[in-house]
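In case you want the letters, here they are:
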Amino acid sequence: MNLWSGPQQARTLLSLRRPQQAYEFFRAYCRVLMRGPVNFYARWGMAFEPHLQNVYVALRDGVPSRIILRDLDSTILDPIRIRPAVQANRLRLAPTTWDHMPTFEIGGQRLAHALLFGHLGEVISYFLRSGDVKLERLTVSVEDTWSELIAATSSPASRRLVRELRAQSNSVKANLPPRGVPITFAG
């Protein structure tokens with residue numbers, strides 16, 4: 001979180017002096033941030049909330065290499081896929097787990113919002129404020145990552161879920177201060 005807001009440690013940790021370096025970094029960042037949460041959602045039925053506060057980004061040689069998710073208590077599970085896995089592994093959930101959990105569809109909406117607007121929107125805002133970068137080039141990286149994730153899915157059902165997540169990004173807009181640049185992610 002401190003990379004992009006508050007102390008904005010990205011200024012001291014990253015050496016992104018030219019716009020092309022910022023674009024390359026952001027492209028890698030999108031891939032690292034989106035790959036795991038989207039795969040867990042589409043393949044395993046777990047909808048995380050990877051907004052800034054819930055994600056640690058590991059850097060290797062100044063490039064994003066992996067993420068660590070935290071605060072998993074708000075994860076929304078797909079009962080169709082998770083119940084059989086829990087039973088097969090002889091695990092127990094609290095008796096009221098499914099009574100209090102929002103629907104998996106809501107989990108997908110929260111995942112898309114957290115990824116795009118609670119996280120990547122802030123990173124985009126940082127780059128727009130701190131360098132000579134173009135919004136269009138940054139959003140292309142997001143769209144390219146969606147395309148890569150769809151192409152890498154292992155089944156038609158997973159592909160459908162990733163496409164649905166991507167489509168949700170079209171329905172939400174975020175205003176980025178201080179420029180007030182509206183961001184929409186086209187599908």
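Residues numbered from 1 in each chain as written. Predicted model: local features only at pLDDT ≥ 70, side-chain atom pairs only at ≥ 80, totals over all residues. Heavy atoms only, no water.

Things to note about the pairing of strand 2 (residues 55-60)
Consecutive side chains of a regular strand alternate in pointing toward one face of the sheet and then the other.
Piece 1. Pairing of strand 2 with strand 3 (residues 63-69), which is carried by six bridges, proceeds in the antiparallel orientation. Counterpart to Y56 in the pairing with strand 3 is I68.
Piece 2. In sequence, strand 2 turns back onto strand 3 through a hairpin of two residues, with D61 there showing a positive phi of about 55°. (Pairing = 2+ DSSP bridges. Helix = DSSP H or I, 4+ residues; strand = E, 2+ residues; numbered from the N terminus.)

Remarks on the packing of helix 2 (residues 19-44) against helix 7 (residues 156-168)
Piece 1. At a closest axis distance of 8 Å, the pairing of helix 2 and helix 7 adopts a crossing angle of 130°. When the axes of helix 2 and helix 7 are compared, the pair comes out oblique. Two packed elements cross with a definite hand, and for helix 2 against helix 7 that hand is right-handed. Across from V38, Y41, A42 and R43 in helix 2, the residues of helix 7 making contact are S158, L161, V162 and L165.
Piece 2. When grouped by side-chain class, the residues that make up the contact of helix 2 with helix 7 number six nonpolar, one polar and one charged. (Axes fitted to C-alpha atoms, helices over the stretch in contact; angles between N-to-C directions. Parallel < 35°, antiparallel > 145°, perpendicular 65-115°, else oblique. Left-handed = near helix turned anticlockwise from the far one by under 90°. Contact = heavy atoms within 4.5 Å. Nonpolar A, V, L, I, M, F, W, Y, C, P; charged D, E, K, R; others polar.)

Describing the confidence of the model for the protein
Piece 1. Per-residue confidence for the protein gives a mean pLDDT of 87; residues scoring 70 or more make up 86%.
Piece 2. For the protein, strand 5 (residues 174-176) is the element with the lowest average pLDDT, namely 37, and strand 1 (residues 46-47) is the one with the highest, namely 97.
Piece 3. Per-residue pLDDT stays below 50 along residues 172-182; that stretch engages in 25 contacts with residues further than four places along the chain or on separate chains. (pLDDT = per-residue confidence, 0-100.)

Concerning empty space enclosed by the protein
A probe as big as a water molecule, rolled over the atoms, marks out the empty space that is left.
Piece 1. Under the definition given, this model contains one cavity of 30 Å³ or more.
Piece 2. Reported here for the largest cavity is a volume of approximately 40 Å³. (1 Å grid on protein atoms, 1.4 Å probe; cavity = no way out; pocket = protein on both sides within 12 Å on 5 of 7 lines; lining within 4 Å. Points joined across faces, edges and corners; volume = space filled by probe spheres on them.)

Looking at the packing of aromatic side chains
Piece 1. Throughout the structure, instances matching the rule amount to six aromatic pairs.
Piece 2. Aromatic ring contacts, followed pair by pair, group F25, F26, Y29, Y126 and F127 into a single cluster. (Phe/Tyr/Trp six-rings, centres within 6.5 Å; stacked < 30°, edge-to-face > 60°.)

A few points about the packing of helix 2 against helix 6 (residues 135-151)
Piece 1. Contact geometry of helix 2 with helix 6 gives a least axis separation of 9 Å together with a crossing angle of 35°. In the crossing of helix 2 with helix 6, the sense of the turn from one axis to the other is right-handed. Note on element contacts: helix 6 touches helix 2 through R137, L138, S141, V142, D144, T145, W146, E148 and L149, opposite Q20, Y23, F26, R27, C30, R31, M34, R35 and V38.
Piece 2. Of the residues in the contact of helix 2 with helix 6, the class split is nine nonpolar, three polar and six charged.

Looking at the nonpolar core
Piece 1. In terms of nonpolar packing, the biggest core is built from 45 residues, with W4, F26, L120, F127, L138 and W146 touching the most fellow members.
Piece 2. Of all the secondary-structure elements, those providing two or more residues to this core are helix 2, strand 4 (76-77), helix 3 (79-88), helix 5 (104-130), helix 6 and helix 7.
Piece 3. Examining the composition of this core, we find that 12 residues originate from one element, helix 5, more than from any other.
Piece 4. In contact with L120, other than residues within four places in its own chain, are F26, Y29, C30, L33, M34, L115 and V142. (Core = buried A, V, L, I, M, F, W, Y, C linked by side-chain atoms within 4.5 Å. Buried < 20%, exposed > 50% of the residue type's maximum accessible area, 1.4 Å probe, protein only.)

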